[in-house]
Amino acid sequence: MSNLMNQWLKRKNEDCTDNTDSTNKKKINETIVTPSATSGSSTLNSLVTINNIASPSFELDVAHFIKDSNVICSDHDRAKLITMDNLPENDFILPFSVHIKKGKEEKRYLNKSYFEKYKWLTFSKTMSGLYCKFCVLFGHKGGRYKTITLSKFVSKPLKKYSKLLGKDGDLEVHSKNIYHINCVQVADDFMKTFNNPQKEVINLINSERMKQITENRNRLKPIVESIIFLGRQNIPLRCHRDHGDFFENYNEGHSIVNQGNFRELLNYRIKAGDLALENHLKTTHSKATYISPVIQNELIDCCKSVIIENILGEVKISKYYCVIFDETTDISHTSQMSLVLRYLCKGVVKENFVCFIDCHAYAYNEKCTTLIGDDEDKNDNINEKDINFEPKLNGDTLGEIVISLLKNYGLDLQYCVGVGTDGCSVMVSEVRGAVKKIQSYAKNAVHSPCSNHSLNLSISKSSTVQSIRNSVGLMKEILQFFNCSSKRNFVLKTILNGQQRLLSLCETRWTERHDSVMVFKTSIPYIIKSLTKISEWQESDSSSKARTLLTALCSCEFIIAIHSLANILCVTAPVSRILQGLNYDILNAKNCIDDIIFNLENKRTNCLVIFGDIYQECVLLMNEMDIEVKIPRLSKYQTKRSNHPVNNIEEYYRVSLFIPLLENILEDLRSRFIRKENKMLLDLCLLIPRYITDISNDDFKKITEAATELFVFNEEESVDQIELKTELDLWKTKWQRIKTDGKKCL
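Residues numbered from 1 in each chain as written. Predicted model: local features only at pLDDT ≥ 70, side-chain atom pairs only at ≥ 80, totals over all residues. Heavy atoms only, no water.

Student: Would you take a moment to explain the overall build of the chain for this structure?
Tutor: Looking only at helices and strands, the chain has 30 helices and twelve strands in total. Per-residue burial for the chain yields a buried fraction of 41% across its 746 residues. As displayed, the chain offers around 43600 Å² of accessible surface, 52% of which is attributable to carbon and sulfur atoms. (Helix = DSSP H or I, 4+ residues; strand = E, 2+ residues; numbered from the N terminus. Buried < 20%, exposed > 50% of the residue type's maximum accessible area, 1.4 Å probe, protein only. Areas by Shrake-Rupley, 256 points an atom, 1.4 Å probe, with all protein chains shown as cover.)

Set out below in structure tokens:
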């Protein structure tokens with residue numbers, strides 16, 4: 001078996017050997033081994049086959065621009081590759097090659113000093129080999145008559161490191177080649193002209209061309225600035241008249257025709273004295289004005305590319321980042337996901353929006369993630385035969401979309417340390433949730449759900465109590481009854497007589513849902529009067545509907561259910577507003593949730609007294625409105641509704657309505673916020689300077705355990721508990737000293 005392996009390795013290396021240097025090579029078998037990030041061991045069984053894997057969109061690799069790749073290298077890419085530091089990143093594991101010589105294995109490693117000595121040397125992650133970036137970019141042919149195809153370091157990577165140094169080493173020989181010296185000189189001349197285009201030979205010879213370039217840039221400058229201004233202010237650019245001759249209507253001086261925000265802004269600039277823009281629009285052909293909708297979209301795409309490139313550049317400098325995303329259906333019935341990156345840049349926490357993505361377009365073609373606005377025609381032209389499955393969106397699909405985007409942007413999933421979502425089941429499901437899918441790729445990502453959303457999901461558990469669910473449904477019907485008719489609304493406003501108007505139950509703005517129930521509770525007498533008047537109308541639709549709603553509203557069960565729900569929301573409404581503040585961190589949110597749980601547990605303990613007050617308030621209102629205080633009909637055979645053996649009406653509603661309402665909300669709050677993952681995340685938050693000065697030894701132990709359990713990077717960045725505890729002691733001492741010095745100054 002070993003003989004077959006040696007023969008295969010021999011044939012493999014003979015195929016890859018450079019023809020020009022084949023006579024000087026020793027007949028040894030060798031292959032490249034690239035250590036993985038998770039394993040430092042390397043034996044003959046760990047040989048890695050190098051595949052041509054496409055690099056990320058925003059990461060340049062010199063191997064992409066070899067002559068046989070048919071990839072056009074722009075001047076911008078050339079300049080970026082030339083000025084790019086050739087030293088590998090600090091966390092990059094340098095590869096080695098294994099040599100089988102005289103029956104023994106020998107390992108030859110790459111060394112960082114090679115890159116420091118030879119500035120032209122660069123390592124290609126795509127091809128897992130060494131290249132000369134100057135010869136790749138500017139080399140053509142070698143030899144005396146320029147007829148020899150350049151192979152080593154140019155069209156083929158060097159993957160064998162047996163003979164790199166020395167007088168006859170590969171690196172030294174290549175650096176002394178005539179074609180290499182010429183390529184270095186060409187690269188130097190290229191950078192001089194690239195950095196100083198005014199000194200380019202063609203520009204020095206033809207000064208008129210330089211003048212034309214400056215004039216063209218001045219023509220485009222006001223157009224680009226106008227687009228950026230409208231984008232910053234979130235103002236739409238166009239209307240249905242954004243076409244035709246620009247001065248057709250403006251020549252009259254007082255035209256009432258609105259040509260859209262973009263054209264009107266350009267006209268405003270011309271009136272303000274922008275002569276360059278006016279001259280451009282008056283003298284150029286109608287098809288070269290650069291203000292058409294197509295050009296506007298292209299300029300917007302250019303702005304988008306620059307913004308994303310800057311954001312990704314900051315993220316890569318920061319190294320560690322978090323991803324925040326959510327999915328919803330917009331007004332155009334498109335299921336779109338928003339993606340936000342959170343990272344630390346120069347000591348400032350930044351949250352930058354990156355893109356929208358059409359989730360269903362991704363489901364139709366998983367190999368091509370289509371961004372909204374990038375290729376709308378392609379989305380619209382999906383054939384019926386391509387839709388051979390149900391385009392259902394689940395947690396796995398959403399997670400795969402996020403992972404695909406991060407990979408396309410060239411972000412290392414190993415350094416994704418956080419995931420922020422809402423608390424819905426599609427995101428947080430332990431079986432097929434989007435967060436679970438992301439964590440299967442990003443091992444160090446800690447989930448941090450939105451505390452405010454989780455709180456309101458817990459409150460929504462009140463709908464499991466039948467009386468509360470029916471009462472909220474009736475409340476929605478009454479609000480819709482008044483809102484869909486102007487004359488019904490007029491009657492209600494007249495009877496309210498300056499009192500606060502009813503608020504709709506908004507599905508997304510949670511604080512408005514709290515306010516809606518509160519306002520509805522205080523407006524019940526006015527609503528009853530309004531429905532009574534409308535029920536006496538001659539119009540059959542309004543009067544019959546009003547009579548039905550009035551009968552349902554004037555029931556003891558509805559009145560007590562609304563008052564009980566309002567009593568619970570009085571506790572959660574202020575906290576819901578606080579949790580939406582900008583200056584609250586996760587520890588503050590945890591304290592707020594603890595206060596809510598404590599308050600609700602206190603209500604549960606003292607439910608006799610608290611519900612007694614609620615019941616007395618309801619009795620006074622029902623007596624005033626002439627509503628009978630009673631309990632539903634009871635029967636020993638009932639199984640579908642509350643049928644508790646009680647002694648009085650108050651006890652019945654306390655046992656069947658108030659106590660189940662409290663227990664359902666409390667149970668959900670505990671399951672969402674009092675979990676192991678939440679506690680570990682809270683332990684890490686103790687590292688914040690305002691908390692670190694007061695933590696105990698037990699807290700230190702919790703922090704070290706949480707850090708070592710949550711974050712597992714490569715072996716070089718592994719967390720040692722002893723080192724971490726020592727560093728935490730220094731961190732605590734520093735902030736205690738700063739705190740003490742501050743008190744002395746006071």
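Student: Quick question: what am I supposed to make of the pattern of salt bridges here?
Tutor: Pairing is possible between side chains of opposite charge, provided their charged atoms come close. For the structure on display, the rule yields 18 salt bridges. The residue Glu430 makes a salt bridge to Lys436 at a minimum N-O spacing of 3.5 Å. Judged by its relative accessible area of 55%, Glu430 falls in the exposed class. For Lys436, a relative accessible area of 42% translates into the label partly exposed. Salt bridges sharing common partners tie together Glu225, Arg269 and Asp274. (Salt bridge = Lys/Arg side-chain N within 4 Å of Asp/Glu carboxyl O.)

Student: How do you make sense of the environment of Cys592 when you look at a structure like this?
Tutor: By secondary structure assignment, the location of Cys592 is in helix α24 (residues 586–605). Measuring from C-alpha to C-alpha, the distance between Cys592 and Val575 comes to 6.6 Å, with 17 residues separating the pair along the chain.

Student: How should the nonpolar core be read in this particular structure?
Tutor: In a soluble, globular protein the nonpolar side chains are often hidden away together inside. Formed by 65 residues in total, the largest nonpolar core has its most connected members in Phe520 and Leu531. Among the elements that take part in this core, helix α23 (residues 556–578) stands out by supplying twelve residues, more than any other. Leaving out residues up to four positions away in the same chain, Phe520 has contacts with Met475, Ile478, Leu479, Leu502, Ile527 and Phe558. Counting 35 residues, the second-largest nonpolar core is a separate cluster that includes Ile403, Leu405, Leu413 and Val435. (Core = buried A, V, L, I, M, F, W, Y, C linked by side-chain atoms within 4.5 Å. Contact = heavy atoms within 4.5 Å.)

Student: For this particular structure, what's the right way to read helix α8 (residues 207–232)?
Tutor: Every α-helix winds through 3.6 residues per turn, so residues three or four apart in the chain are directed the same way. Between its terminal C-alpha atoms α8 stretches 37 Å, which fits the 38 Å expected from 26 residues at 1.5 Å a residue. Remark: the principal bend of α8, roughly 25°, maps to Leu220, with a proline, Pro222, within the next four residues. Taken together, the buried positions of α8 are Arg219, Pro222, Ile223, Ser226, Ile227 and Leu230. Structurally, α8 contributes buried residues whose contacts are with α9 (261–271), α10 (275–283) and α11 (293–318). One or two positions beyond α8, positive phi appears at Asn234, with a value near 60°. (Expected span 1.5 Å × (residues − 1). Bend = angle between axes of the 7 residues up to and from the residue.)

Student: I would appreciate a short explanation of helix α18 (residues 466–483) in the present structure.
Tutor: The first and last C-alpha atoms of α18 sit 26 Å apart over 18 residues, in line with the 26 Å expected at 1.5 Å per residue. All buried positions along α18 are accounted for by Ser467, Ile468, Ser471, Val472, Leu474, Met475, Ile478, Leu479, Phe481 and Phe482.

Student: Sorry, what's going on with the pairing of strand β11 (residues 416–420) here?
Tutor: A regular strand places its side chains on the two faces of the sheet in alternate fashion. In terms of burial, β11 is largely enclosed, as five of its five residues are buried. Here strand β8 (residues 321–329) runs beside β11; their pairing, made up of four bridges, is parallel. Note on β11: the bridge partner recorded for Val323 is Val419. Sheet analysis places β11 next to strand β12 (residues 446–447), joined by two bridges and oriented parallel. Within β12, the residue paired with Val419 across the bridge is His447. (Pairing = 2+ DSSP bridges.)

Student: What is the right way to look at the packing of aromatic side chains in this model?
Tutor: To describe a pair of aromatic rings, one takes the distance between the centres and the angle between the planes. This structure, assessed with the given rule, holds 13 aromatic pairs. Consider the rings of Phe520 and Phe558, whose centres lie 6.2 Å apart with planes at 80°: the pair is edge-to-face. Residue Phe520 is found in helix α20 (residues 510–522), and its partner Phe558 is found in helix α23; the two are separated by 38 residues along the sequence. When sorted by exposure, Phe520 lands in the same class as Phe558, which is buried. Arranged with centres 5.6 Å apart and planes meeting at 75°, the rings of Trp731 and Trp735 form a pair that is edge-to-face. In this pair, Trp731 and Trp735 are both assigned in helix α30 (residues 721–745), four residues apart and thus about one turn of the helix distant. Through successive ring pairs, a cluster of aromatic residues spans Tyr118, Trp120 and Phe153. (Phe/Tyr/Trp six-rings, centres within 6.5 Å; stacked < 30°, edge-to-face > 60°.)

Student: Is there a simple way to explain the packing of α18 against helix α22 (residues 540–553) in this structure?
Tutor: The description of two packed helices rests on the angle between their axes and on the distance between the axes. The interhelical angle for the contact between α18 and α22, taken along N-to-C directions, is 150°, at an axis separation of 11 Å. Relative to α22, the element α18 is oriented roughly antiparallel. Here α18 and α22 pass one another in a crossing that is left-handed. Contacts between α18 and α22 involve Leu474, Glu477, Ile478 and Phe481 from the former and Ser542, Lys545, Ala546, Leu549, Ala552 and Leu553 from the latter. (Axes fitted to C-alpha atoms, helices over the stretch in contact; angles between N-to-C directions. Parallel < 35°, antiparallel > 145°, perpendicular 65-115°, else oblique. Left-handed = near helix turned anticlockwise from the far one by under 90°.)

Student: What is the right way to look at the pairing of strand β5 (residues 129–132) in this model?
Tutor: Residues Gly129 and Tyr131 of β5 are buried on one face, and the alternating residues Leu130 and Cys132, pointing to the opposite face, are buried as well. Pairing geometry for strand β4 (residues 121–124) and β5, over four bridges, is antiparallel. When the bridges of β5 are listed, Leu121 appears paired with Cys132. What sits between β4 and β5 in their antiparallel hairpin is a turn of four residues, with Ser128 showing a positive phi close to 55°.

Student: How should I be thinking about the sheet that holds β11 in this particular structure?
Tutor: To summarise the sheet geometry, strands pair through backbone hydrogen bonds and adopt either a parallel or an antiparallel arrangement. Read from one edge to the other, the open sheet built from five strands follows the order β10-β9-β8-β11-β12, with strand pairing classed as mixed. Only two strands of the sheet have a single neighbouring strand rather than two, namely β10 (348–358) and β12. Where β8 lies against strand β9 (residues 335–345), nine bridges are found, and the strand directions are antiparallel. Of the residues in β9, the one forming a bridge with Cys322 is Arg342.

Student: It is not clear to me how the confidence of the model for the chain should be interpreted in this structure. Could you clarify?
Tutor: Close reading of the predicted structure is inappropriate where its pLDDT is low. Per-residue pLDDT for the chain has a mean of 77; in total, 75% of the residues score no lower than 70. Ignoring residues within four places in sequence, the model shows residues 1–58, a span with pLDDT below 50, making 90 contacts including any to other chains. Taken together, the stretch residues 367–380 has pLDDT below 50 and engages in 25 contacts with residues farther than four places along the chain or on a different chain. (pLDDT = per-residue confidence, 0-100.)

Student: Could you clarify how one ought to interpret the side chain of Thr289 in this entry?
Tutor: On the secondary structure map, Thr289 appears in the loop between α10 and α11. Taking relative accessible area as the criterion, Thr289 reaches 12% and is therefore assigned buried. When neighbours within four sequence positions are excluded, Thr289 is seen to be in contact with Ile223, His280, Leu281 and Thr284.

Student: Even after reading the chapter, I still don't get the packing of α8 against α9, so can you show me in this structure?
Tutor: Axis separation between α8 and α9 bottoms out at 10 Å; the angle between their running directions is 125°. Relative to α9, the element α8 lies oblique. For the element pair α8 and α9, the recorded crossing hand is right-handed. Contacts between α8 and α9 involve Pro222, Ile223, Glu225, Ser226, Ile227, Phe229 and Leu230 from the former and Asn261, Phe262, Leu265, Leu266 and Arg269 from the latter. Here the residues of the contact of α8 with α9 are counted per class, giving eight nonpolar, two polar and two charged. (Nonpolar A, V, L, I, M, F, W, Y, C, P; charged D, E, K, R; others polar.)

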